[in-house]
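Remarks on the overall topology
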Amino acid sequence: METESEPYVRLATLRQLHRVVADLNTARSLADTLQTVVDGIVVGLGYELACVNLVRPDGDLVVAAFAGDPAAEALITGRVGSRASWDRRLTMGENWDGLRFIPHTEGWVLMEDDVPQWHTDGPDPRFEDEWHPEDRLYAPMYASGGELLGVISVDRPRNGRRPGAWGREALQMYAFQAAIAISNARLRANMQRALVRLEREQQALRASEESFRQAFEYAPSGMAIAEMGGDQHGRLLRTNDALCRLLGRPASVLRRYSFSDLVHPEDIGTLLRTSAEGGRAELRLGRRDGTYVWVSLRNSVVADAADGPRFLLTHVEDIEERKRHELQLAHRASHDSLTGLPNSAELRSRLGARLCRRPQSVRATAIEALDAAFEGRDAHTGHMGHDGYEVRVEAGGAGGAGGGGEHGFQADGPDRFTGPDPFDYSGAPAAPADGPYDHHVHTVAPSTEVDDGTKGLAVLFCDLDGFKSINDRFGHHTGDAVLIEVARRLTTGVRDGDTVARLGGDEFVVLADGLGAADAADLAVRLRNAIIPPIRVDGRAVRVGASFGIGWASCGMSADEVLRSADQRMYIEKRSRSKSHRRAG
């Protein structure tokens, strides 16, 4: 009969198919789309029951929508059938151009599998094409890539017959459109979830940025964001109010600078190492008034996931007060509390820094050294000097700071020559290859008998004459005032860079570099003459004298040996003068 009215059936079915497919595109969510799919089958394609079995992420299929029977819908919606059972069903029965029909004669073997199913009672069919209650018809739905999206299951055609060719084609076309609608619904759902997640992330980002802005702007200590890498490396991009107040510069002005423009010249190396490592450092930054303030910098590298490090977030803490306290403590530990001069420990430290353990050696004059250099022996094989000693070259001995150090050459005994080229006048300090004195300018003592032009480090040991009687007669208050004034006069009488230290009691030491023997003697006379004038204390004039002993620092000696040598010469000088000349006050 379907063939007799086929044109009419086709037209009517096509109208219904067009209507229900149009409804598929109006659904807003995935759940609405699935329900629209099954409703369209019941309303438009002439089946009494329809359900959609949707593939889950784990591969099994769940009954996601049902239409046609509320009791059946309540019973099987949400139930799951395994993928293996469904694969078995989709390979059984008859293949109707993509549809899978399993007649009741074969379907009885499926009664015990785990696929959710619903069957209605009814009479056995009387005709060959009549629908049996246990017949099964499935329409698989595939995505564009060929993977299975789900399976439409239909039951009980309203005309009671198995669908003909046009009915099968209509169901197949509908399944194809349903697959597109479900894919689109999933895409929309994923996009909506992504948009919701993105909006939440943006809200969290905005909240985080606002929190950072407030923490940055209102931090009690300085904060800055600086560029990292490129031509503008280190340029300040943003600063907070605390940093502007600390440096005395507005934010608009600070954006013209980098930290390297503001740092103290002596701290530039520390800054560069800190910027590269993203660590911390203590250094000085310049204020607008030209002064410097001690700060602690703590850098954090702000990295971009794609391009790597991009910015430096710098925390700037004012540590001026702590540094001042540290300097005060260090000064107290190394300076005399009464006079403010370096104390005995600091004196020995400064003196020891100029000395090394190289043994005292026989020195040749400059003329002898040049003669030795031209005497025919290769400089690399050595030259035998007087008394069988080999002359060894030490360039730059007289070119040290302040003019001190050794001149030209040195005889070291019968060892082979190991020094630098005798014609090298670069001024670099000599460096014995087998000792701990590499890169050290050796300190030597000038001759006290013949003035050969050598300059050395003079150590003037000063002991006050008549100071004990002042202490005994006028008390320690007056004695302290005398010591303070003597320290002032000694400091005024020396050059910048020389050291005046107090050993203790009424003993002082002066370190003066770059002096010859005559220069040191002249300095001792000037300092003695500066001390002799009366010193007024509480309206009373008192006088002290001074005895000086001149010693010379030389590598191979310890600091104590140098001081002991100067001390001995001081006592020799003191005993050589009459008591009347020594006593003053």
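Residues numbered from 1 in each chain as written. Predicted model: local features only at pLDDT ≥ 70, side-chain atom pairs only at ≥ 80, totals over all residues. Heavy atoms only, no water.

Comments concerning the overall build of the chain
When helices and strands are tallied, the chain shows 18 helices and 22 strands. When each of the 585 residues of the chain is scored for burial, the buried share is 43%. Put simply, the chain shows about 31200 Å² of open surface, and 52% of that area lies on carbon and sulfur atoms. (Helix = DSSP H or I, 4+ residues; strand = E, 2+ residues; numbered from the N terminus. Buried < 20%, exposed > 50% of the residue type's maximum accessible area, 1.4 Å probe, protein only. Areas by Shrake-Rupley, 256 points an atom, 1.4 Å probe, with all protein chains shown as cover.)

As for the pattern of salt bridges
Within this structure, the stated rule accounts for 30 salt bridges. Residues glutamate 320 and arginine 324 are paired through a salt bridge, measuring 3.6 Å at the closest nitrogen-oxygen approach. Here glutamate 320 and its partner arginine 324 are both found in helix H11 (residues 320-334), 4 residues apart, which amounts to about one turn of the helix. Between arginine 348 and aspartate 560 there is a salt bridge, with the nearest N and O atoms lying 2.7 Å from each other. Here the residue arginine 348 occupies a position in helix H12 (residues 344-353), and aspartate 560 occupies one in helix H17 (residues 559-575), the gap between them amounting to 212 residues. Residue classification places arginine 348 among the partly exposed positions, given a relative accessible area of 32%. (Salt bridge = Lys/Arg side-chain N within 4 Å of Asp/Glu carboxyl O.)

Describing the nonpolar core
Within the largest apolar cluster, 36 residues are counted, with the highest numbers of intra-cluster contacts made by Leu137, Met141, Ile152 and Tyr174. Contributions of two or more residues to this core are made by helix H1 (6-24), helix H2 (30-44), strand S1 (47-55), strand S2 (61-67), strand S5 (99-102), strand S6 (136-142), strand S7 (148-157) and helix H6 (165-217). In terms of residue count, the dominant contributor to this core is H6 (8 residues). Ignoring anything within four residues of it in the chain, the contact list for methionine 141 reads Val52, Glu147, Leu148, Leu149, Gly150, Val151, Ile152, Ala175, Ala178, Ala179 and Ile182. In terms of nonpolar packing, the next biggest core, distinct from the first, is built from 31 residues, Leu341, Ala458, Ile470 and Val544 among them. (Core = buried A, V, L, I, M, F, W, Y, C linked by side-chain atoms within 4.5 Å. Contact = heavy atoms within 4.5 Å.)

Brief notes about unusual backbone geometry
Despite not being glycine, aspartate 97 has its phi angle at roughly 50°, a positive value. On the accessibility criterion, aspartate 97 (63% relative accessible area) is exposed. The phi torsion at aspartate 538 lies on the positive side, around 55°, for a residue other than glycine. As for its position among the elements, aspartate 538 is in the loop between strand S20 (535-537) and strand S21 (540-542). By relative accessible area, aspartate 538 is classed as exposed at 63%.

Considerations on the sheet that holds strand S3 (residues 80-81)
The strand order across the open sheet built from 7 strands is S3-S2-S1-S7-S6-S5-S4, with neighbouring strands paired in antiparallel fashion. Across the chains shown, the open sheet's two edge strands, defined by having one partner strand only, are S3 and strand S4 (94-96). When S4 meets S5, the two strands line up antiparallel, connected through 3 bridges. What sits directly across from asparagine 95, in S5, is arginine 100. Strands S1, S2 and S7 of the sheet are contacted by H2, whose axis makes an angle of about 155° with S1. (Pairing = 2+ DSSP bridges. Axes fitted to C-alpha atoms, helices over the stretch in contact; angles between N-to-C directions.)

Side note on the environment of glycine 497
Among the secondary structure elements, glycine 497 is positioned in the loop between helix H15 (476-493) and strand S18 (499-504). Here the alpha-carbon distance between glycine 497 and leucine 511, two residues 14 residues apart in the chain, equals 9.1 Å.

Regarding H15
With 18 residues, H15 extends 25 Å between its outermost C-alpha atoms, agreeing within 8% with the 26 Å of an ideal straight helix rising 1.5 Å per residue. What H15 keeps buried is the set Thr478, Gly479, Val482, Leu483, Glu485, Val486, Ala487, Arg489 and Leu490. (Expected span 1.5 Å × (residues − 1).)

Focus: the pairing of strand S8 (residues 222-227)
Summarising burial for S8: 5 of the 6 residues are buried, a large majority. Relative to strand S9 (residues 236-239), S8 runs antiparallel, the two sharing 3 bridges. When the bridges of S9 are listed, isoleucine 225 appears paired with arginine 238.

Let's talk about the side chain of aspartate 113
Mapping aspartate 113 onto the fold places it in the loop between helix H5 (104-107) and S6. Note on aspartate 113: relative accessible area 18%, which makes it buried. In this structure aspartate 113 touches Ser85 and Arg89, once residues within four positions along its chain are discounted.

Some thoughts on the sheet that holds strand S22 (residues 545-553)
Strand order in the open sheet formed by 4 strands is S18-S19-S17-S22, with antiparallel pairing between adjacent strands. The open sheet has two edge strands, S18 and S22, and neither has a second partner. Strand-to-strand, the axes of this sheet are offset by a mean angle of 25°, without reference to chain direction. Bridge count for strand S17 (residues 456-465) against strand S19 (residues 507-515) is 8 bridges, and the pairing is antiparallel. Within the sheet, the bridge partner assigned to phenylalanine 461 lies in S19 and is valine 509. Its contacts with the sheet put helix H16 (residues 517-531) on S17, S19 and S22, and the angle it makes with S22 is roughly 155°. Sheet contacts for H17: S17, S19 and S22; angle to S22, the most-contacted strand, approximately 140°.

Looking at the environment of cysteine 51
Along the polypeptide, cysteine 51 turns up in strand S1. On the basis of relative accessible area, cysteine 51 is assigned to the buried category, the value being 8%. For the pair cysteine 51 and tyrosine 138, spaced 87 residues apart in sequence, the C-alpha to C-alpha distance is 9.9 Å. The residues touching cysteine 51, leaving out its near neighbours within four places in the chain, are Val38, Val63, Ala65, Phe66, Val151, Ile152 and Ser153.

Considering the confidence of the model for the chain
Of the residues in the chain, 79% have a pLDDT of 70 or more, and the chain-wide mean is 80. In the predicted structure, residues 362-370 sits below a pLDDT of 50 and forms 15 contacts with residues beyond four places in sequence or in another chain. This model gives residues 372-438 a pLDDT under 50, and the stretch forms 138 contacts once residues within four places in sequence are excluded. (pLDDT = per-residue confidence, 0-100.)

Here's the deal with the side chain of arginine 136
Here arginine 136 shows up in strand S6. Buried charge without a salt bridge: arginine 136, with glutamate 134 as the nearest opposite-charge side chain at an N-O distance of 5.8 Å. For arginine 136, the side chain forms a polar contact with the main-chain oxygen of glutamate 134, separated by 3.3 Å. Once residues within four sequence positions are removed from consideration, arginine 136 is found in contact with Arg89, Arg100, Phe101, Ile102, Gly107, Leu110, Met111, Gln117, His119 and Trp131. (Lys, Arg positive; Asp, Glu negative; His and termini not counted. Polar contact = N/O pair within 3.5 Å; in protein donor to acceptor, adjacent residues only side chain to side chain.)

Quick look at the environment of glycine 549
Here glycine 549 shows up in strand S22. C-alpha of glycine 549 to C-alpha of alanine 521: the two residues are 28 residues apart in sequence and 9.3 Å apart in space.

As for the packing of helix H14 (residues 467-474) against H15
For any two helices packed against each other, the geometry is given by the interaxial angle and the distance between the axes. Remark: H14 packs on H15, axes separated minimally by 7 Å, with the N-to-C direction vectors making an angle of 145°. Contact residues: Phe467, Ile470, Asn471 and Phe474 in H14; His476, Thr478, Gly479, Val482 and Leu483 in H15. Here the residues of the contact of H14 with H15 sort into 5 nonpolar, 4 polar and no charged. (Nonpolar A, V, L, I, M, F, W, Y, C, P; charged D, E, K, R; others polar.)

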